[in-house]
Amino acid sequence: MKTRAIHPFPTPAAVLALLAGAMLPARCQPLPLGHDRNRPLPPVVAPGHSSTQDQAGSAPSDAVVLFAGGELSAWCAMDGTPTRWVVKDGAMECVPGSGYIRSQQCFGECQLHLEFATPTPPEGSSQGRGNSGVFFGGARYEIQVLDSHENKTYADGSCGSIYNQYPPQVNASRPPGQWQSYDILWSPPKFDAEGTLLAPARVTAFHNGVLIHHNAELVGGTGWLQRAPYQAHPEKLPLALQDHGNPVRYRNIWVRELGPRAKPEFQLADRLLDSYCGRYQIGRRESAEFTRGGSGLRLKFQGVEFDMFAESPTHFFAKTVDVQAEFSRDGDQQKVLLTIGEDEGGRRGTKAP
Ligand code: MG
């Protein structure tokens, strides 16, 4: 008698079906009971107030404020060193030739609000007039900032374009010198552990309150003359602003992280990360080795390796296991305190010379 093969493990089709279920958008997940009395109420958020041309607005109470008119401490040059952009009259201004700047904090799926003003009187033409840009994923994906008021250029490079991919649906630009706003919903691309693309990046954006992109699907990185294919990268990376040689100003920059609230992550300066790398002797028998990996550190301990993410300039955590590392200095010696789970007191290590 012929019997049907029984799979000891789920078939590929079953795995795909499971994955598809796990990746269903929220609206396709089964709803709780109608009027369920135990359904959590939405958290209360004070919404902040809107900007005027004369005065910057304020951020909602649950936002990470990246610039509120004062110091530039949430920003740095791309390598983590202090930026040479300046603060003038409550706005931060690009100093031509000083380079891109990036946020110290990393963001994945998020809502970004920022305001910008291109220089007045306008100088140059086409891509040379009031050019800057808002980047997600480090410096990978650009929403163009340009003076597109009576300034002709190619469509996919005009203000609000997803550069070299999608023009904005409309040109909602204000004249140079006036404050304009972007409100952007960013969904980073998703990759599996092998670096294969699972889902492309998506952008929904409003320019001065007018919809310019509705769930646009990016085909890869943005760039002049080329559309770079996706290359795997961490989901959370800094935001960046472009120095394209024009003194574009920014103000009232805030981000609301979407999805589950996790620990904040920061991208630290290369020099600081390098100073933590090395082998740490722990007691007589154990050692821990830190190397550079991803946008943080990689820890090898007891034959197991995992990525460590910066929660502060000295504190790191793993996402796959409850392991934390706190770095400190004792004179010339670099120290680490490694804690695993509820590990009483932790393991103290000293970096080998
Ligand atoms: Mg640009």
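A quick note: this is a predicted structure, and the numbers were derived from the prediction, not measured.

K.L.:
An account of the domain arrangement of the protein is needed here, citing residue identities and associated values.
P.N.:
When cut into domains, the protein gives domain 1 (25–262) and domain 2 (270–351). Here the C-alpha centroids of domain 1 and domain 2 sit 33 Å apart.

K.L.:
Tell me about the coordination of the magnesium ion, residues and numbers included.
P.N.:
Protein coordination at the magnesium ion: the donors are N131 (OD1), S132 (O), E142 (OE), Q144 (OE1) and Q242 (OE1), at 2.1 to 2.3 Å from the metal. The motif formed by the donor residues of the magnesium ion, counted along the single chain, is N-S-x9-E-x1-Q-x97-Q. Of the two residues, S132 is situated in strand β7 (residues 132–136) and E142 in strand β8 (residues 141–145); the sequence distance between them amounts to 10 residues. Pair check on accessibility: S132 and E142 agree, each one buried.

K.L.:
Any details on empty space enclosed by the protein? Residues and values, ideally.
P.N.:
Taken as a whole and judged by the stated rule, the model has one cavity of 30 Å³ or more. Taken as a whole, the largest cavity holds about 40 Å³ of empty space. Around the largest cavity sit C106, E265, F266, S295, G296, M308, F309 and A310, which together line it. The biggest single contributor to the lining of the largest cavity is strand β20 (residues 304–310), with three residues.

K.L.:
Summarise the pattern of salt bridges; cite the residues concerned and give the values.
P.N.:
A complete count under the given rule lists 13 salt bridges for this structure. The partner of E93 in a salt bridge is K88, and the shortest N-O contact between them spans 3.4 Å. Using a relative accessible area of 42% as the deciding quantity, one classes K88 as partly exposed. The shortest N-O distance in the salt bridge between R298 and E305 comes to 2.9 Å. Note on E305: relative accessible area 42%, which makes it partly exposed. Several salt bridges converge on common partners, so that one network encompasses D270, D274 and R292.

K.L.:
Let's hear about unusual backbone geometry: which residues, and what values?
P.N.:
With omega at 0°, the peptide bond leading from T120 into P121 counts as cis. Phi is positive for E150, close to 50°, though the residue is something other than glycine. Tracing the sequence through the fold places E150 in the loop between β8 and β9 (180–187). On the accessibility criterion, E150 (71% relative accessible area) is exposed. Positive phi outside glycine occurs at N208, with the angle close to 55°. N208 sits in the buried class, given a relative accessible area of 14%.

K.L.:
Could you give an account of the environment of P234, naming the residues involved and the relevant values?
P.N.:
Looking at the secondary structure, you find P234 in the loop between β13 (210–217) and β14 (237–241). In this structure P234 comes out as partly exposed when scored by relative accessible area, which is 28%. Taking the C-alpha atoms as reference points, P234 and G138, separated by 96 residues in sequence, lie 10.0 Å from one another.

K.L.:
Can you break down the pairing of β20 residue by residue, with the values?
P.N.:
In the sheet, strand β19 (residues 296–301) pairs with β20 via five bridges, with the strands oriented antiparallel. Paired with K300 across the two strands is E305, which belongs to β20. Turn length for the β19-β20 hairpin, with the two strands adjacent in sequence and antiparallel, is two residues, and the turn residue Q302 shows positive phi of about 55°. Linking β20 to strand β21 (residues 315–318), which pair antiparallel, is a turn of four residues.

K.L.:
Give a detailed account of the environment of A318, specifying residues and quantitative values.
P.N.:
Position of A318 relative to the elements: it lies in strand β21. You can call A318 buried: its relative accessible area is 10%. Distance in space between the C-alpha atoms of A318 and F306 is 6.9 Å, their sequence separation being 12 residues. Excluding its chain neighbours within four sequence positions, the residues that come into contact with A318 are F306, D307, M308 and V323.

K.L.:
Pulling in residues and values, what's your account of the confidence of the model for the protein?
P.N.:
Chain-level statistics for the protein give a pLDDT mean of 91 and a share of 92% at 70 or above. Residue range residues 1–23 is modelled with pLDDT below 50. Its contacts to residues more than four positions away, or to other chains, number three contacts.

K.L.:
How would you summarise the layout of surface pockets if you had to cite specific residues and measurements?
P.N.:
In this structure, the second largest pocket occupies an estimated 430 Å³ of space. Lining the second largest pocket are 21 residues, and of these H233, P234, E235, D307 and F309 sit closest to its centre. Tallying contributions element by element places β20 first for the lining of the second largest pocket, with three residues. Looking at the lining of the second largest pocket, its residues break down into eight nonpolar, six polar and seven charged.

K.L.:
Which residues make up a nonpolar patch on the surface, and what values go with them?
P.N.:
Among the surface-exposed residues, Y154, W224 and L225 lie close enough to one another that they form a single nonpolar patch of about 400 Å² accessible area. Looking at the element boundaries, Y154 is found in the loop between β8 and β9.

K.L.:
Residues and numbers for the packing of aromatic side chains, please.
P.N.:
Scanning the model with the defined rule gives 15 aromatic pairs in all. Pairing Y280 with F290 gives two aromatic rings, centres 5.6 Å apart and planes at 85°, and the pair type is edge-to-face. On the criterion of sequence distance, the pair formed by Y280 in strand β17 (residues 278–282) and F290 in strand β18 (residues 286–293) is long-range, its members being 10 residues apart. Side by side, Y280 and F290 carry an identical accessibility label, which is buried. Through a chain of ring-to-ring contacts, three or more aromatic side chains come together here, namely F136, Y141, W186, F191 and Y230. Over the face of the ring belonging to F309 we find K319, whose NZ or CZ atom lies 4.0 Å from the ring centre.

So, how was this worked out
Within each chain, residue numbers correspond to sequence positions counted from 1 in written order. Restriction of local features to residues with pLDDT of at least 70 applies here, the model being predicted, together with a cutoff of 80 or more for giving and counting side-chain atom pairs; totals for whole chains, interfaces and linings are based on all residues. Only hydrogens and water are removed before side-chain values are computed, so all heavy atoms of the structure are retained for them. Marked domain ranges trace back to an automatic or database domain assignment. Donor atoms (N, O, S) are those found within 2.8 Å of the metal centre, with the cutoff raised to 3.2 Å for Na, K and Ca; water is not part of the atom list, so apparent gaps in a site can occur. By definition, any uninterrupted DSSP run of H or I lasting at least four residues is a helix, any uninterrupted run of E lasting at least two residues is a strand, and each is numbered from the N terminus. Remark: exposure states derive from per-residue accessible area (1.4 Å probe, protein chains only) relative to the maximum for the residue type, with buried under 20%, exposed over 50%, and partly exposed in between. Only protein atoms enter the 1 Å grid, on which a cavity is a set of points fitting a 1.4 Å probe that cannot get out and a pocket is an open set with protein on both sides within 12 Å along at least 5 of 7 lines, lining residues being those with an atom within 4 Å of a point. Grid points are joined across faces, edges and corners, and a volume is the space filled by probe spheres set on the points. A carboxyl oxygen of Asp or Glu within 4 Å of a side-chain nitrogen of Lys or Arg is what we treat as a salt bridge. Pairing between two strands is assigned when DSSP locates at least 2 bridges connecting them. The criterion used for residue contact is that any of the two residues' heavy atoms lie within 4.5 Å. Each residue carries a pLDDT score, the predictor's own confidence in it, on a scale running from 0 to 100. Lys, Arg, Asp and Glu make up the charged group, whereas Ala, Val, Leu, Ile, Met, Phe, Trp, Tyr, Cys and Pro make up the nonpolar group; the residues left over, Gly among them, are polar. Patch members must show over 30% relative accessible area and no salt bridge, and they are joined within 9 Å when carrying like charges or within 5 Å when they are nonpolar side chains of Val, Leu, Ile, Met, Phe, Trp or Tyr. Throughout, the Shrake-Rupley method with a 1.4 Å probe supplies accessible areas, and for residues the shown protein chains are the sole cover considered. Only the six-membered ring of Trp is used, alongside the rings of Phe and Tyr, when aromatic pairs are assigned; centres must lie within 6.5 Å, and planes under 30 degrees apart are stacked while those over 60 apart are edge-to-face, with the rest tilted. Either the NZ atom of lysine or the CZ atom of arginine qualifies as a charge over a ring when it sits within 6 Å of the ring centre and within 35 degrees of the ring normal.

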